[in-house]
Each structure stands twice: as structure tokens, then as C-alpha cells.
Amino acid sequence: MLYLDNSATTKILPEVLEAMMPYLSEYYGNPNSKYYSQALETKKAVDLARHQIAVLLNCSDDEILFTSGSTESNNFVLKGYVDANENLGKHIIISSVEHASILNTAKFLESKGIEVTYLPVDKNGFINANDLIKSIKRETILVSIMWSNNELGSINDIKKISEICHKHNILFHTDATQVIGKIPIDLSDYINIDFLSFSAHKFYGPKGVGGVFIRKDKNGFYPKLTPLLHGGEQEYDLRAGTLAVHQIVGMGKAAEIACRDMESNIKKLYEYENEFIFRMKKVFGNKIIINNNFDNKIPGLISLRILGYNNQLFLKNASSLIAASTGSACSNAKPSYVLKACGYKDEEIRETIRFSLSAYDNYDHFNSIE
Ligand code: PMP
């Protein structure tokens, strides 16, 4: 079976699993306990993982906070920043193709009296910088735009977008779930990003763990944020709860491997993409229409239409051979709102399938596409 749904989730790497195992058996101390070696060992492991992620993103270790994943990180930044800063203004801006964890959080905030602007996107899912500038008001306090779209893989010009926000004294958040570990991200080069969300399972780490980068100001202070989870003093008093040490260790290892393999993975994925498209065209000929903009997209994600084939029926019938999806696994029941917002017609959306490849698979079994 050819697993081509790596944008939904990836298979945990053997090295990651191996790194996690001792923290499910031998080392079970609470990293927030003190005085005895069990706890000191787990604290050391958590510190190392924080550092491994900080190295991947090139930021300070204490700018990384652990969460249960991007859904929580996105909720935390939007709700937490708005709650703590609504005295400055009650308007936020997002794009119309954000993941459900941003869109539905924005809708929740609307129900609490916050005004939300949903920026339109072009055929590739890119927002237009002029639209952003025009939508900024005196009351705007936060902009959240995803780094890469999860259905087309298009990479937004985050540097330009974040610069515009800071020029207007507005903080900027990006949902980087689909890019982290896949393309180089050097946060010292993106000085206008204030918050960035990620999930480990998108880069060959475990599910149920992720984090958020929070940039400290020049005096070493975090922006004002209300915690989503109140309780203990973990994570700089910003996210309560005993840390999931084994998950965090796995995510740290996955980040270290992403750094090590980034260049070769990108190269491999481009080769696999070509091979995959070649095979699909061999079988379906000119019925294949590629939706992606290849100039600026994450490696390994192919969105294509097979003319005359209903995507759901196709995937059901091919399910013993290929695992892929019609769009985000988080909004599977309805036709893709992302492609709709990009201007695709319903019949085009019904023919569209997202194939997302792994750099760690052996694609000899592309041979099964016949
Ligand atoms: N944002 C994006 C762009 C995603 O693709 C996903 C996962 N599909 C999420 C957020 C949510 O991640 P998680 O389910 O790990 O919380």
C-alpha cells in the first residue's frame, strides 16, 4: 500500500521511537519535581528537546513552549493574545483558507465581540499584500496567516506579510504546521514573526504534541498572553499541565533529524514528485491536471485533478493500493472550503486529490500505479 497522505500525518521514524521509549519506562519522573535523579533526568530530556526545536527554527530555547499540537497552539495564540490585549483594539485579520483551528477560533472570537477580517486568496491560495494593508484598522491587534496552505502547499511570502504587520504595530502569528521540518526556517531572518505554531506528527514525530514559538521583546519579555490552560506554573506560567515527556523527547528528536536530513529530503521529494506525476500521466494521460504552483510550494505535495473521476469514489476504490485524501483530514466531510476560496468550481473540487509524499518511503512501489 502506497501511503501518500503525509500532509495529514507522517509515520514516526524508528530513531524517534527509540529516543522516546526510555521515557515510557525507565525515566518517569515529573520534570517539574526537584531534588532526585528521576526528575532531573526527565528535566534534562525536556530541555534538550526544547533546544533541538530551537536549533531547527534558530530561536532561543525559552521562546519555545510545548503544547498538545497546532490546534492548541493556534487556539492559545488567538484567544490568549486577544483576551490579554483587547483594550488595544478588537479587530484581527486572518485568511479565508486557514486551517479549521484558526477559522473556528476566529468565529468563536467573533461571538465574543471581536471583529474578524477574512482575507481573500488567489488561485494558489496566496493572500495579496495590498488586501492586507487595506484591511488594517486602528483597532487591529493581530494578524494570523498560514505559512503554507495545507491543500495546495503554496508558500506565502511570510517575510513581506509580517513586515507589513510590524510597520503598523500589529503582532503577527503564522500557522507553520505544514512547513516546519520541510523547508528551512531561520527565525533570526524573520524578525517580524511573533508567534508560530507547529505539530510534531507532521514531521515524523509523535501525535498529540507540538508547540508554539513566542518571540520575546528586546527586554526579554513575552507579549501579554492569557493562558488557555490555567493551573500549575509549567511552561513559563503560560501553559499548565505536567509535560508529556516521551512525546516532547520524540518531537525534539524529529526536529534534530529534520535539520540533519532537510537538504536531502527536499531533493528526494522533488524526484519522487516527478516520478509520481510521470506514473499518473502514464495511466491517466491528459486527464491529469496539476493544481499546484511549482514556483513556490512545499516539496512533496501534489494536488491534482483526474478529469471525469469523482475524488471520493476514486480514493475508496483505490484504497487497497493508495492512501491519499481529498483535502484536509480535519474537514473531510464537506467539499474543500480552501479550494472554493481559491476560486475552484465545485466540479473541479470533486475531481481534486491531494497526494503528499514522504522522503523516508521507498518509492519502488510506485510500480503499483498501473
Ligand atoms: N494547521 C494546519 C495547517 C494543519 O494542517 C493542521 C493539521 N491538519 C493543524 C493546524 C492542526 O494540527 P493538529 O491536528 O496536530 O493539532
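Residues numbered from 1 in each chain as written. Predicted model: local features only at pLDDT ≥ 70, side-chain atom pairs only at ≥ 80, totals over all residues. Heavy atoms only, no water.

**Remarks on the pairing of strand β4 (residues 115-119)**
For strand β3 (residues 91-95) and β4, the ladder comprises 5 bridges, and the chain directions are parallel. Of the residues in β4, the one forming a bridge with Ile92 is Val116. A crossover connection joins β3 to the parallel β4 through helix α4 (residues 100-111); in handedness this β-α-β unit is right-handed. (Pairing = 2+ DSSP bridges. Helix = DSSP H or I, 4+ residues; strand = E, 2+ residues; numbered from the N terminus. Right-handed = clockwise from strand over helix to strand, strands pointing away.)

**Thoughts on the domain arrangement of the protein**
Under the domain assignment used here, the protein contains domain 1 (2-8 + 262-368) and domain 2 (14-255). Of note, the centres of domain 1 and domain 2, computed from C-alpha atoms alone, are 27 Å apart. If you look at the interface, domain 1 gives 32 residues, while domain 2 gives 30 residues. Buried surface at the junction of domain 1 and domain 2, summed over both partners, amounts to about 2400 Å²; 55% is from carbon and sulfur atoms. On the surface where domain 1 and domain 2 come into contact, there are 0 salt bridges. Summed over the shared surface of domain 1 and domain 2, the number is 11 residue pairs in polar contact (both at pLDDT 80 or more). Element by element, the count of residues in the side of domain 1 that touches domain 2 is highest for helix α10 (residues 337-341), at 4 residues. Broken down by class, the residue content of the side of domain 1 that touches domain 2 amounts to 16 nonpolar, 13 polar and 3 charged. (Domains from an automatic or database assignment. Contact = heavy atoms within 4.5 Å. Buried area = accessible area lost by both parts, 1.4 Å probe. Salt bridge = Lys/Arg side-chain N within 4 Å of Asp/Glu carboxyl O. Polar contact = N/O pair within 3.5 Å; in protein donor to acceptor, adjacent residues only side chain to side chain. Nonpolar A, V, L, I, M, F, W, Y, C, P; charged D, E, K, R; others polar.)

**What about the site of the ligand?**
Around the ligand there are 15 residues in total, and Thr71, Asp175, Ser199, His201 and Lys202 lie nearest to it. Within the side chain of Thr71, one N or O atom sits 2.7 Å away from an oxygen atom of the ligand. Here an oxygen atom of the ligand and a side-chain polar atom of His201 are 2.8 Å apart. Burial of the ligand by the protein amounts to 89% of the accessible area it has alone, namely 400 Å². For the shell around the ligand, the per-class residue count stands at 2 nonpolar, 11 polar and 2 charged. (Near = heavy atom within 4 Å. Areas by Shrake-Rupley, 256 points an atom, 1.4 Å probe, with all protein chains shown as cover.)

**Regarding the nonpolar core**
With 91 residues, the main nonpolar core has Leu57, Leu132, Trp147, Phe276 and Phe355 as its most contacted residues. In terms of residues, this core owes the most to one element, helix α8 (residues 245-284), which gives 16 residues. Residue-level mapping places this core at the junction of two domains, with at least three residues from each of domain 1 (2-8 + 262-368) and domain 2 (14-255). If you look at the next biggest cluster of nonpolar residues, it comprises 23 residues, including Ala106, Ile114, Ile141 and Leu142. (Core = buried A, V, L, I, M, F, W, Y, C linked by side-chain atoms within 4.5 Å. Buried < 20%, exposed > 50% of the residue type's maximum accessible area, 1.4 Å probe, protein only.)

**A closer look at the sheet that holds strand β12 (residues 352-356)**
In space, the 3 strands of this open sheet follow the order β9-β10-β12, with antiparallel pairing throughout. Where the open sheet ends on each side, the last strands, each with one partner, are β9 (288-290) and β12. With direction set aside, neighbouring strand axes in the sheet form an average angle of 35°. This element, α8, spans β9, β10 (301-306) and β12 of the sheet and lies at about 10° to β10. (Axes fitted to C-alpha atoms, helices over the stretch in contact; angles between N-to-C directions.)

**Section: the environment of Lys182**
Relative to the helices and strands, Lys182 resides in the loop between β6 (171-175) and β7 (195-199). Its relative accessible area of 16% is what places Lys182 among the buried residues. Considering only alpha carbons, one finds Lys182 and Met262, 80 residues apart in sequence, at a separation of 6.6 Å. Ignoring any residue separated from it by four or fewer positions in sequence, one finds Lys182 in contact with Lys202, Met262, Ile266, Ile298 and Pro299. At a separation of 3.1 Å, a polar atom in the side chain of Lys182 contacts the main-chain carbonyl oxygen of Gln178.

**A look at helix α3 (residues 70-85)**
In this model α3 runs 22 Å from its N-terminal to its C-terminal C-alpha over 16 residues, within 8% of the 22 Å that 1.5 Å per residue would give. Counting buried residues in α3 gives 13 out of 16 residues, a clear majority hidden from the surface. (Expected span 1.5 Å × (residues − 1).)

**Some words on the packing of aromatic side chains**
On inspection of all chains with the given rule, the structure shows 9 aromatic pairs. These aromatic residues form a ring-pair network of at least three members: Phe284, Tyr309 and Phe314. The lysine or arginine in question, Lys159, covers the ring of Tyr190, its NZ or CZ lying 4.9 Å from the ring centre. (Phe/Tyr/Trp six-rings, centres within 6.5 Å; stacked < 30°, edge-to-face > 60°. Lys NZ or Arg CZ within 6 Å of the ring centre and 35° of its normal.)

**Describing the environment of Ile185**
Mapped onto the elements of the fold, Ile185 is located in the loop between β6 and β7. Ile185 sits in the buried class, given a relative accessible area of 5%. Between the C-alpha atom of Ile185 and that of Val55, which follows or precedes it by 130 residues, the distance is 10.0 Å. If near-sequence neighbours (up to four positions away) are discounted, Ile185 is found in contact with Leu56, Leu57, Asn58, Trp147, Val179 and Ile180.

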